[in-house]
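Residues per chain are reported as follows:
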Amino acid sequence: MRKGDVTRKGDVMRKGDVMRKGDVTGKGDVTRKGDMPSIQEGGKMAAAEPDTDQLSSPGSEFLNFSAKDTASRWLAAADLQQEVYRHLAAYVPRILCLGPSSSGGSSREGQREEQREEQREELAYQLLLLAPLEWLLLREEPAAGLAQLQENNRPSPLCGHVFKVGEPTYSCRECAADPTCVLCMQCFLGSVHKEHRYRMTTSGGGGFCDCGDAEAWKRGPYCQKHTPTDRHTEEDPVAQLPADMVARGYSIFSIILKYAVDLLTCDQEEQLPAGLEPPERGDTYYCMLFNDEVHTYEQVIYTLQKAVNCSQKEAVSFATMVDRDGRKSVRYGDFQFCDQAKSVIVRNTSRQSKPLRVQVMHSSVVAHQCFALKALSWMGQIIQYSDGLRRILCQVGLQNGPEGENSSLVDRLMLNDSKMWKGARNIYHQLLMNSLLMDLKYKKIFAIQFAKNYRRLQTDFMEDDHERVVSVTSLSVQLFTVPTMARMLMVEQNLMTTIIRTFVDHLRHRDLQGRFQFDRYTAQQAFKFGRVQSLIGDLKYVLITRPSEWTNQLRLKFLEGLDAFLDLLKCMQGMDPVVRQVGQHIEMEPEWEAAFTLQMKLTHIISMIQEWCSTDEHVLIDAYRKCLSALSQCHCGLPDGEQPISLSLAGHTVDTFRYQVSQDKVSIHLPVCRLLAGLHVLLSRTELSSRVPEQLPLGELSPPLLIELPLRCLVLCAQVHAGMWRRNGFSLINQIYYYHNVKCRVEMFDKDIIMLQAGASMMDPNHFLMIVLSRFELFNIFNSADVRKRYREANKDVVQQNNTLIEEMLHLIIMVVGERYVAGVGQVEPFDEVRREIIHQLSIRPMAHSELVKALPENGNKETGLEGVIDIVASFKKPGVTGRGLYELRPEWNKNFNLYFHHYSRADQSKAEEAQRKLRRQKGEDTALPPPLPPPLCPLFGSLVNLLQCDVLLSVEGAVLQWAVESSGGGWTESMLQRVLHLVAMSLLEEQQQLENNRDDDVTFNYTYKITREAPSPSGSVLALLETLQKAPQLEVHKDMITWIIKMVANIKTMREQTASTSTVSVCPGHGAEETVRDRDKAERKRKAEMARLRREKIMAQMSEMQKHFINENKELFQQSLEELEASTSAAAETSATGLGPTCVTQVCVGPRRVGRAEHRQLVTCILCQEEQEVRGHSRAMVLAAFVQRSTVLSKNRRHIVPDPERQEPLFMHPDLSLGIHTASCGHIMHAICWQRYFEAVQLKEQRRQQRLRGHTSYDVENGEFLCPLCECLSNTVIPLLPHSPDHSVNHPTLEAWLNTTNQQIATLHSAHRKQSDGTAEEAEPAGEAEPAAPEGFRVDFTPQSPFSSSIREMITTFSVSTYKVGLKLNPNEQDPRVPVLSWSTCAYTIQSIERLLMEEEKPLFGSLPCRQDDCLSSLTRFSSACWTVAPLKTVHTHFIRLFTALFPDSQVENTPCILDTDMFHLLVYSVLSYSSVQSLDQSGCSVVDSAHLHLLHLVTVAHLVQILLTSTTEEVCMDQDSEGSEEEILTCQLYNTLRKHLGSVLPQVSSGWQLWRCVKAGILPFLRAAALFFHYLNSTAPPADLLVAGPGHWEALCSFLSLPSNLLQVHQNQHTLLEPLIYRWCCHPGVRQTLQGGGVIVRFPRESNRLIELPEDYSVLINQASSFTCPRSGGDKSRAPTLCLVCGSMLCSQSYCCQTEVEGEDVGACTAHTFTCGAGVGLFLRVRESQVLFVAGKTKGSFYPPPYLDDYGETDQGLKRGNPLHLCQERYRKIERLWRQHGIAEVIGHAQEANQTLVAIDWQHL
Ligand SMILES: [Zn+2]
Ligand SMILES: [Zn+2]
Ligand SMILES: [Zn+2]
Ligand SMILES: [Zn+2]
Ligand SMILES: [Zn+2]
Ligand SMILES: [Zn+2]
Ligand SMILES: [Zn+2]
């Protein structure tokens, strides 16, 4: 079991890899019942029935059996074991594993039967098997006995809580001894570390809480709960138990543990150990299938279906069980029956790989194994009650058996570990953790046994194919991370050496020289290589804590271990050598990853070994010697074929040998050299080096040999950069990349530089440089002018290569002299090194915390040291609602910037250079980037500075400057010059520093002298060359730097002259007081030029911004939320401009007094053809791209069951609004014809594409989806643009008159319909019923002329049918009478949802909507008012009649819903919109439409008032107001009392009219607001000024806008006589009484807006919640991907086979299935383990979204990889909520998928 799981692996979801199908490996689950209920597989039934008869009546056994008596009998027996065995032999096979129960397998009945069977089995097992054992142990009633034990127990302070999968674990980054030390949540919250810098992870299961382990924590080892109370005594806990119990404990534990071990370790399929043979033996067998890591789920499922004839579902269940428990019986029956299944399975799986393991086992063997596991768990539980019993069990387990060494029961278990199945291993591992690891004394003994068997256990593990979590070897983390234990094992068991030797032995691929060779290794070997790496992890545990004290023994063993380690490194030294490929490309990329993996894994070990060495001088010196001799062994074969040569330059001569990187073998792997370099630095840090350097073991190897191999490696990198190794392919490029990468560089590149520094400091600098020149193959270029000339004439490639090489070489020299930030090389602290890294990272650009962490090397404790320095060098900028927090370098640190910082890549370097220059320009400074002052060198490296002034370097510098002056041909680059200038500047700084520090004449460093006097080239001294260059026009960029240098030279001269006069003011050129007027002028001019340049840049940027593609701008627009959009509305703005000042005229939007908008020509432009056109009824249709979706955002009842779409009746919307249809539009207008052409093109493209990439788009063309051609917004239909038809009605009948007319009209229509449908037959008998008199001018047979052109009619139909298709999920059917209803429905629902949105955001009702929504609502409303024109008149009439009867209940019309089941706003919208169809038949010429609308509004308002009063909760009666209330209050009371009269006691008595009125007012407000929006868009009425601003005082404005009295009750009061019968009829509907009495869902008003669920502030609370969440389908198993629905708060078991459900004929994961019930196909989830928000729409679409949780650095942690504490960011959560409320999820998904194509390929439906 891993300890808390610090190394999270594999199952973190990778993008693009959501459901890894072939993934059989499950995380080992620790706690498990030892159950194996079998599943009936149908087919032939078990032949062995006889047993069942006996066993079906265990009841009688229960009655006659006495556990107490049995225990007494056993105790009296001579041979206890024999007695117990006899009992087990008789009972175990009769209780456990009786095969499948007889009823059908998967049916519900079968399942229930199975459950009963399980319960029976469990009960029998408790009473017949466990109870006697407990009685035997306790000699009393077990429950009482155990309680007694626990009471007397003095528990150890160890917490030992074993982690569940996914449980949060905490580690303190300040106090934990190592990162594997973790706390459980409980302990953490009660600990001091809560206030520290802690890390949070989720456990992979297994491992336990380290609270109470003093060694695990530097501080605060105990939480409040586990603080030891009475100086915990070292007393033996066994002594606290009664002696007889101790004796009984020994014997019982011995018998049971031995029994369990015998059964689990014997590999018998038939035979039981002696004494356990069953009394009678039937022919009953199990066919047992075992898990392996080779076969996939699919293979297993397929095979099982074939072999045992089961359904797919059963097969999945078998496979899941096999994966989880490691084995599962798949068939029960006689031997032949089982054997047959076995052979089918073996045959089917043996083709490509070794077959699945299957055994046919006798049922009694299985039963005993099953009991053995239960017995182990039982012991594990018992010892929890008493530390004494725990110790007894430990003793029993570790006692050697008769066979002596390694024969204890625990040894036997361990050594058989790899042979056991997963479930058995888990259970005994758990027992080990509960017993041995919790007892400090026996933990040690166990650790020794473990270490003794180490090699064998590891070897078994290599052969075993199970994951490491389920291997006993994974216990190493529990043992080796305890520092005292690790030390003890190292000394006594030579653990370090054992681990390393075992590791080396398992890596057998070597070449002739004994080096590792990984090329051509097989998959099998690769697998083994993967497993063997876990040994490095063990080694790391052993070394993770440095010893504070050394004993001689420890020194000895450590150095022995080091020997072994050096042997390992020697096998790596020089591995994977490369040879430059010339002519042809390499044919095959050589394998390189294995070697680098090894290097990477060992990096921390190498660092740790150096740390160990650093703590003891003796060890350090011995280690250095050993390393040196290992290196000389490696060098033995070195000079083979390398002839000695002699080189001369600038008057110096050196001997070396001929070797060329470009021709000979070279290797990147030089771990021995690098370890030596590391040790060398450590030596330099010791006191010895400064006191008695001659005592150091230096100089046994010649410096030229020391530098040789690292130099070759660095030259290789340079040559690769220069493009000389192109033909060697990518593998080499990758290797070079990793060589410099932060993961490897500490023990690769960095150490190579150090080795060069060490070598150079021990050599004549001229010799060193000549060897460098020679290895770079540049010697000749600098040697003679002649070669130089020839080289310039050579081909261009060669010239370029050499240029790059010269640049690289100069850079290398800069690094060798200048890199002094390693403690030991320079006089610095480790702190300085980290600070410098950060400064240089931030010099590139401001960075987030995580980026910085990634850029810094981590040590073994996963620390970078970042926290210690970051606040000194950087300031933190908090993030906004998007983005993340950034660190910015404080300006005072800019002077520490070094352009040639050794960890910069070339790209980093140029970015940093640009950023720094820009910064200086902004500040008006010159742009010279001189090197910063370096720290002083340590004595051992002191002579490095001589490199700077040596002859060879001067000659190189001179040569480059000379070329720059000549500036002809291609043999020179500015980069070269820049590097040389940098070197010159470094030399000058060195000289200045020495002068300042020494203040006397014996400063030997005299660079200024050398560059002034000496003349290395015909053109004069270096200084003279520089002065020439200063005037060169082509070198503008470097001018500032040259000026800096020349000034510096002058300063130094002054200093040298002034040395006598002791004034030692540090002079810094360019910034000193001596800045002349000329300089200032120049600066001023420069500043002006700079300003002009900035202005130009700004203008350019503006222009390019404008030119940027429209899409980009718009994408931004969509991401902005409502509030960020300025309040730009077309309608409101336009009308106020027409002069009708809304302030002076009372605006009314409905009824006879409504103010219409003047005739208004609407001109629009088609985005596709750019043609302008007016919107008119008879012109070509114009359309808006739109997206229609089902919505549950407003739902007040998520459990509402959606009826069968065929039978769904949408005419009346239930007030729970459980499912609506929402329409949105991006507002982009096209010609219908243009859109059709566009859509056809999209379709065609998709069809062509489908053969190869089926459905790889973010939109589903087959479902009519497309992207808006302008903004790429997801759309699935278009809304036609219709003109506003302003027809003011002339007549204004009263309500009564209008009602009469309407009733007459309805009656006429009724009879006409009846006639139509009955045909002539009915006409024959015109019974007494008189033809109703039609009102004047009302002509039933009239067919109104459509006001629209055919193309507009077509578009009206298109949109209507889309709402129908989406709303009902049916195939389009224009004839369906429900088509117009759905069009009205989406109009009403969209208005309602926008009203809610405005309310929630506290926006004014009018004027705050963004254009696109305003346009959408306006066209949607106009469309809805016209959609009846394309439907059959009769259909619309029928709808109107039904709607009307809801207001005027008519006993003749059936199916009228009761008033409580109707959403009044929907009713209003539908009836207003359908009324036009009735009105259209009126040919009298006196339109009454306006009055009709107003009357309808009044009626519905009254109905709504009644509805609100009926449902108002009036429980809280606050202070009764006796005083007469306002008129409103009195009228409200009156109405309420009327209702009580009709309904009686169903309604509670309410005395407070004030309260009622308040309820009513609040309840009806949303309705009024929605109605105002509706009529505003319907009649194009400008809104009153009061409603254009947010704030109070809207009630009056709203009422008057709607032509309602502000005392709403007057509407009722004024028409009292007319309305009274209506109210009576509403109340009499049986549904009302029924609902009020609790027979239905009561929706109360105002309906509260839905919000996303509350999330906890601290993320770990969520993790904890999720960790206790179990999969609802697989009986208490932990869910692997617990996912939280943010809408309703359900936790789901996502991304797993177990919880797949069939939705519309397809298996989908839990999330997708949930969206269909909770969100009508749209869902928002939080994947708790990943800390990631998931958006899902439908089955195929989804995307991830940043979670609303941030760490202290303002960053999210998607995947929970960093483990910083996370806290809820309310603003971000509100932003997600707003997206949801705005119905924007689908759109966000669409944009995300367009932006990132890999999202399209994910199988979202499996989540
Ligand atoms: Zn704990
Ligand atoms: Zn604790
Ligand atoms: Zn702490
Ligand atoms: Zn067009
Ligand atoms: Zn658009
Ligand atoms: Zn939900
Ligand atoms: Zn599940």
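- In the nomenclature of an unreviewed UniProt entry, the protein is known as E3 ubiquitin-protein ligase of Scophthalmus maximus.
- As stated in UniProt under Sequence similarities (unreviewed entry), the record for the protein gives "Belongs to the E3 ubiquitin-protein ligase UBR1-like family."
- Here the protein is described in UniProt, under the heading Catalytic activity (unreviewed entry), as follows: "S-ubiquitinyl-[E2 ubiquitin-conjugating enzyme]-L-cysteine + [acceptor protein]-L-lysine = [E2 ubiquitin-conjugating enzyme]-L-cysteine + N(6)-ubiquitinyl-[acceptor protein]-L-lysine."

1. Comments concerning the overall build of the protein
- Across its full length, the protein holds 66 helices and 25 strands.
- Across the 1807 residues of the protein, 58% fall into the buried class.
- Counted over contacts in the protein with a minimum sequence separation of 6, partners at least 24 positions apart contribute 78%.
- Just so you have it, the protein exposes about 75,400 Å², and 50% of that area is on carbon and sulfur atoms.

2. Here we look at the packing of helix α51 (residues 1379-1400) against helix α57 (residues 1553-1579)
- Between α51 and α57, whose axes approach to 9 Å, the crossing angle comes to 120 degrees. Considering their axes alone, α51 and α57 lie oblique with respect to each other. Where α51 crosses over α57, the handedness of that crossing is right-handed. Here α51 contributes Cys1387, Ile1391, Glu1395, Arg1396, Leu1398 and Met1399 to the contact with α57, which in turn contributes Leu1565, Pro1566, Arg1569, Ala1570, Leu1573 and Phe1574.
- A breakdown of the residues in the contact of α51 with α57 according to their chemical character gives nine nonpolar, no polar and three charged.

3. With respect to the coordination of the zinc ion (ligand 4)
- Summarising the metal site, the zinc ion (ligand 4) is bound by the protein donors Cys1166 (SG), Cys1169 (SG), His1231 (ND1) and Cys1234 (SG), whose distances to it range over 2.1 to 2.4 Å.
- Here the zinc ion (ligand 4) binds four donor atoms, and the angle range of 93 to 120 degrees at the metal identifies the geometry as tetrahedral.
- One chain supplies every donor for the zinc ion (ligand 4), spaced along it as C-x2-C-x61-H-x2-C.
- With a relative accessible area of 0%, Cys1166 lands in the buried category.

4. With respect to the sheet that holds strand β12 (residues 1182-1191)
- Taking strand neighbours across the sheet as the criterion, the three strands line up as β13-β12-β16 in an open arrangement whose pairing is antiparallel. Edge positions in the sheet fall to β13 (1220-1231) and β16 (1277-1280), since each of these pairs with one other strand and no more. Here the strands of the sheet are splayed against their neighbours by 40 degrees on average, with no regard to which way each runs.
- Taken together, the four bridges between β12 and β16 define a ladder with antiparallel strand orientation. Among the inter-strand pairings, Ala1185 is bridged to a residue of β16, identified as Val1278.
- Packed onto the sheet, helix α50 (residues 1350-1368) meets β12, β13 and β16 and runs at close to 135 degrees relative to β16.
- Packing against the sheet, helix α52 (residues 1411-1426) makes contact with β12, β13 and β16, and its axis sits at approximately 105 degrees to β13.

5. Points about the packing of aromatic side chains
- With the rule as written, the count across this model stands at 44 aromatic pairs.
- Arranged with centres 5.9 Å apart and planes meeting at 75 degrees, the rings of Tyr85 and Tyr259 form a pair that is edge-to-face. Of this pair, Tyr85 sits in helix α4 (residues 80-95) while Tyr259 sits in helix α8 (residues 243-265), placing them 174 residues apart in sequence.
- On the basis of relative accessible area, Tyr85 is assigned to the buried category, the value being 5%.
- The structure contains a cluster of three or more aromatic residues connected by ring pairs, namely Trp1298, Phe1440, Phe1444, Phe1448 and Tyr1475.

6. Section: the coordination of the zinc ion (ligand 2)
- For the zinc ion (ligand 2), the full set of protein donor atoms is Cys187 (SG), Cys211 (SG), Cys223 (SG) and His226 (ND1), and the range of their distances to it is 1.9 to 2.3 Å.
- Viewed at the metal, the four donor atoms of the zinc ion (ligand 2) are separated by angles of 101 to 118 degrees, and the geometry they form is tetrahedral.
- Between the zinc ion (ligand 2) and the zinc ion (ligand 1) the interatomic distance comes to 4.2 Å, and Cys187 is a ligand of both metals. Of this pair, Cys211 sits in the loop between β2 (198-204) and α8 while His226 sits in the loop between β2 and α8, and the two are 15 residues apart along the sequence.

7. Some words on unusual backbone geometry
- For the peptide bond that leads from Phe1645 to Pro1646, omega is -5 degrees, which places it in the cis range.
- Of note, Pro1646 is situated in the loop between α61 (1630-1639) and α62 (1659-1667).
- In this structure, Arg139 is a non-glycine residue whose phi angle is positive, near 60 degrees.
- With relative accessibility at 42%, the residue Arg139 sits in the partly exposed group.

8. Quick notes on the environment of Gly1759
- Tracing the backbone through its elements, the reader meets Gly1759 in the loop between β24 (1749-1750) and β25 (1767-1768).
- Sequence separation between Gly1759 and Glu1730 is 29 residues, and the spatial gap between their C-alpha atoms is 4.1 Å.

9. A few points about the sheet that holds strand β22 (residues 1732-1737)
- Ordered by their spatial adjacency, five strands build an open sheet running β18-β17-β21-β22-β23, and the pairing between neighbours is antiparallel. Of all the strands in the sheet, just β18 (1691-1693) and β23 (1741-1745) have a single pairing partner and so form its edges. The mean inter-strand angle of the sheet, taken between neighbouring strand axes irrespective of direction, is 30 degrees.
- Summarising the sheet, strand β21 (residues 1722-1727) and β22 pair through six bridges and their orientation is antiparallel. Bridging across to β22, Gly1723 finds its partner in Val1736.
- Each of β17 (1682-1685), β18, β21 and β22 touches helix α63 (residues 1710-1718); the most contacted strand, β21, lies at about 135 degrees to it.
- Sitting on the sheet, helix α65 (residues 1785-1795) touches β21, β22 and β23, and the angle it makes with β23 is about 85 degrees.

10. Section: helix α21 (residues 523-532)
- Among the residues of α21, Phe529, Arg531 and Val532 are the ones counted as buried. Considered in projection along α21, the buried side chains sweep an arc of 160 degrees and stay on one side of the axis.

11. Focus: the nonpolar core
- In terms of nonpolar packing, the biggest core is built from 288 residues, with Phe446, Leu598 and Phe782 touching the most fellow members.
- Contact partners of Leu598, with chain neighbours within four places excluded, come to Phe503, Leu507, Phe516, Phe518, Phe529, Ile536, Met572 and Met575.

12. Focus on the packing of helix α23 (residues 552-572) against helix α24 (residues 593-614)
- Interhelical geometry of α23 versus α24 gives an angle of 145 degrees and a closest axis separation of 12 Å. As α23 packs across α24, the resulting crossing turns out to be left-handed. Here Phe558, Leu562, Phe565, Leu568, Leu569 and Met572 of α23 come into contact with α24, specifically with Leu598, Gln599, Leu602, Ile605, Ile606, Ile609, Trp612 and Cys613.
- For the contact of α23 with α24, the residue count by class is 13 nonpolar, one polar and no charged.

13. Comments concerning empty space enclosed by the protein
- Space inside the largest cavity adds up to approximately 220 Å³.
- Forming the boundary of the largest cavity are 20 residues, of which Leu1217, Gln1392, Arg1396, Pro1566 and Arg1647 lie nearest the centre.
- Those elements that place two or more of their residues in the lining of the largest cavity are α51, α54 (1464-1479) and α57.
- No other element matches the four residues that α57 contributes to the lining of the largest cavity.
- A breakdown of the residues in the lining of the largest cavity according to their chemical character gives nine nonpolar, five polar and six charged.

14. Quick word on α51
- In this model α51 runs 32 Å from its N-terminal to its C-terminal C-alpha over 22 residues, within 8% of the 32 Å that 1.5 Å per residue would give.
- Counting buried residues along α51, 20 of its 22 residues qualify, which places the element largely inside the surrounding structure.
- At the C-terminal side of α51, Glu1402 shows a positive phi close to 55 degrees.

15. Concerning the pattern of salt bridges
- One pass over the structure, following the stated rule, counts 64 salt bridges.
- Residue Arg86 is joined to Glu83 by a salt bridge in which the shortest nitrogen-to-oxygen separation is 3.1 Å. On the criterion of helical spacing, the pair formed by Arg86 and Glu83 is a turn pair, its members being three residues apart in helix α4.
- When the shortest N-O distance is used, the salt bridge between Glu851 and Arg884 registers 3.7 Å. Pair noted here: Glu851 is in helix α36 (residues 849-855) and Arg884 is in the loop between β8 (874-877) and β9 (886-889), with a separation of 33 residues, a long-range link.
- On the accessibility criterion, Glu851 (19% relative accessible area) is buried.
- Arg884 gets classed as partly exposed once you look at its relative accessible area, which sits at 38%.

16. Some words on the environment of Cys1769
- As for its placement among the helices and strands, Cys1769 is situated in the loop between β25 and α64 (1770-1781).
- In this structure the C-alpha to C-alpha distance between Cys1769 and Pro1748, which are 21 residues apart in sequence, comes to 5.4 Å.
- Those residues in contact with Cys1769 that lie beyond four places of it in its chain are Pro1748 and Leu1750.

The rules we used
- Residues numbered from 1 in each chain as written.
- Chains lettered and ligands numbered in written order.
- Predicted model: local features only at pLDDT ≥ 70, side-chain atom pairs only at ≥ 80, totals over all residues.
- Heavy atoms only, no water.
- UniProt positions renumbered as here; feature names shortened; annotations may be inferred.
- Helix = DSSP H or I, 4+ residues; strand = E, 2+ residues; numbered from the N terminus.
- Buried < 20%, exposed > 50% of the residue type's maximum accessible area, 1.4 Å probe, protein only.
- Contact = heavy atoms within 4.5 Å.
- Areas by Shrake-Rupley, 256 points an atom, 1.4 Å probe, with all protein chains shown as cover.
- Axes fitted to C-alpha atoms, helices over the stretch in contact; angles between N-to-C directions.
- Parallel < 35°, antiparallel > 145°, perpendicular 65-115°, else oblique.
- Left-handed = near helix turned anticlockwise from the far one by under 90°.
- Nonpolar A, V, L, I, M, F, W, Y, C, P; charged D, E, K, R; others polar.
- Donors = N, O, S within 2.8 Å, 3.2 Å for Na, K, Ca; no water.
- Tetrahedral: all angles 85-135°; square planar, octahedral: opposite > 155°, others 65-115°.
- Pairing = 2+ DSSP bridges.
- Phe/Tyr/Trp six-rings, centres within 6.5 Å; stacked < 30°, edge-to-face > 60°.
- Arc of directions from axis to C-beta.
- Core = buried A, V, L, I, M, F, W, Y, C linked by side-chain atoms within 4.5 Å.
- 1 Å grid on protein atoms, 1.4 Å probe; cavity = no way out; pocket = protein on both sides within 12 Å on 5 of 7 lines; lining within 4 Å.
- Points joined across faces, edges and corners; volume = space filled by probe spheres on them.
- Expected span 1.5 Å × (residues − 1).
- Salt bridge = Lys/Arg side-chain N within 4 Å of Asp/Glu carboxyl O.

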